[in-house]
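Letter by letter, the chains look like this.
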Amino acid sequence: MLSSNMKKALNDQINAELYSAYLYLSMAAYFEDTNLPGMAGWMKAQAQEEVGHAMKFYGYVFDRDSKVELKAIDGPKTKWASPLAAFEDAYKHEQKVTGLIHKLVDLANKEKDHATRSFLNWFVDEQVEEEASTKMIADRLKVIGDSKPGLFMLDRELAGRGSGGGE
Ligand code: FEO
């Protein structure tokens, strides 16, 4: 069974992952409105991936014979000044999530909860990828600047992620 501190922290992380899904779905809606279907698809896949992260925590809490307690999910931002602003927000958000995962690792170490420490390894590695992919796209958008052809080319390229999500 999880300690009550750890149970609360893991339940909070379920909420944070579902908020991430909500944020990326909101970015997807922004890109649909902006006529950038490739970026919208990329964000929809990202949102699905975040639901997958939440479900990993959900399953783990049950596996440790503890209770899942869902809380209200905050409403995400709905407008961005540009595609670059959206991807910069996504990168900043992933940095924040990395901080949350690292805090969970610190708690698991403090409590000598080796099973949770091991479970979290996957997320530590995943966050490296999450930060890298959002930063790479933000960096590309900076290079593209005001070039419409450049923007549409990147949009086509990102459409290649497909609807299944997961990178
Ligand atoms: Fe679930 Fe994008 O971190």
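I will try to describe carefully the structure that is included in this document.

So, how was this worked out
- Residues numbered from 1 in each chain as written.
- Predicted model: local features only at pLDDT ≥ 70, side-chain atom pairs only at ≥ 80, totals over all residues.
- Heavy atoms only, no water.
- 1 Å grid on protein atoms, 1.4 Å probe; cavity = no way out; pocket = protein on both sides within 12 Å on 5 of 7 lines; lining within 4 Å.
- Points joined across faces, edges and corners; volume = space filled by probe spheres on them.
- Helix = DSSP H or I, 4+ residues; strand = E, 2+ residues; numbered from the N terminus.
- Nonpolar A, V, L, I, M, F, W, Y, C, P; charged D, E, K, R; others polar.
- Axes fitted to C-alpha atoms, helices over the stretch in contact; angles between N-to-C directions.
- Parallel < 35°, antiparallel > 145°, perpendicular 65-115°, else oblique.
- Left-handed = near helix turned anticlockwise from the far one by under 90°.
- Contact = heavy atoms within 4.5 Å.
- Core = buried A, V, L, I, M, F, W, Y, C linked by side-chain atoms within 4.5 Å.
- Buried < 20%, exposed > 50% of the residue type's maximum accessible area, 1.4 Å probe, protein only.
- Expected span 1.5 Å × (residues − 1).
- Arc of directions from axis to C-beta.
- Polar contact = N/O pair within 3.5 Å; in protein donor to acceptor, adjacent residues only side chain to side chain.
- Phe/Tyr/Trp six-rings, centres within 6.5 Å; stacked < 30°, edge-to-face > 60°.
- Lys NZ or Arg CZ within 6 Å of the ring centre and 35° of its normal.

With that out of the way, let us pick up the layout of surface pockets. Empty space within the largest pocket amounts to approximately 160 Å³. Lining the largest pocket are Ser82, Pro83, Leu84, Leu141, Lys142, Ile144, Gly145, Asp146, Ser147, Lys148 and Leu151. If you list the elements that add at least two residues to the lining of the largest pocket, you get helix H3 (83-110), helix H4 (114-144) and helix H5 (148-159). For the lining of the largest pocket, a count of residues per class yields five nonpolar, three polar and three charged.

Remark: H4 packs on H5, axes separated minimally by 9 Å, with the N-to-C direction vectors making an angle of 155°. Comparing the axis directions of H4 and H5 gives the class roughly antiparallel. Here H4 and H5 pass one another in a crossing that is right-handed. Every residue of H5 that contacts H4 at Ile137, Arg140, Leu141 and Ile144 is listed here: Gly150, Leu151, Leu154, Glu157 and Leu158. Its residues assigned to classes, the contact of H4 with H5 shows six nonpolar, one polar and two charged.

Let us now look at the nonpolar core. Among the nonpolar cores identified, the biggest contains 23 residues, and Met27, Phe31, Met39, Met43 and Phe87 are the most heavily contacted of them. Taken together, the elements giving at least two residues each to this core come down to helix H1 (4-33), helix H2 (37-63), H3, H4 and H5. Considering every element that reaches this core, the biggest residue donor is H1, with six residues. Not counting the four nearest positions on each side in its chain, Met43 is found in contact with Tyr24, Met27, Ala28, Phe31, Phe87 and Ala90. Counting residues in hydrophobic clusters, the runner-up holds 19 residues, among them Leu2, Phe57, Val61 and Phe119.

To continue, consider H5. With twelve residues, H5 extends 17 Å between its outermost C-alpha atoms, agreeing within 8% with the 16 Å of an ideal straight helix rising 1.5 Å per residue. Those residues of H5 lying buried are Gly150, Leu151, Leu154, Asp155 and Leu158. The buried residues of H5 occupy an angular sector of 135° when projected down its axis, which confines them to one face. Of the residues in H5, the exposed ones pointing more than 90 degrees away from the buried face are Lys148, Pro149, Met153 and Arg156. Contacts made by the buried residues of H5 are with H2, H3 and H4. Between a side-chain oxygen at the N-terminus of H5 and the backbone nitrogen of Gly150 the separation is 3.0 Å; the capping residue is Ser147.

Turning to the packing of aromatic side chains, a few remarks are in order. Per the stated rule, a full pass over the model turns up ten aromatic pairs. Their ring planes at 80° and their centres at 5.4 Å tell us that Phe57 and Phe119 sit as a pair that is edge-to-face. Taken together, the residues span a long stretch of sequence, with Phe57 in helix H2 and Phe119 in helix H4 at a distance of 62 residues. With relative accessibility at 0%, the residue Phe57 sits in the buried group. Members of the aromatic cluster, joined through ring pairs, are Tyr30, Phe31, Trp42, Trp80 and Phe87. Directly above the ring of Trp122 sits Lys56, whose terminal nitrogen or CZ lies 4.1 Å from the centroid. Sitting above the plane of the Trp42 ring, Arg161 keeps its charged end 4.4 Å from the centroid.

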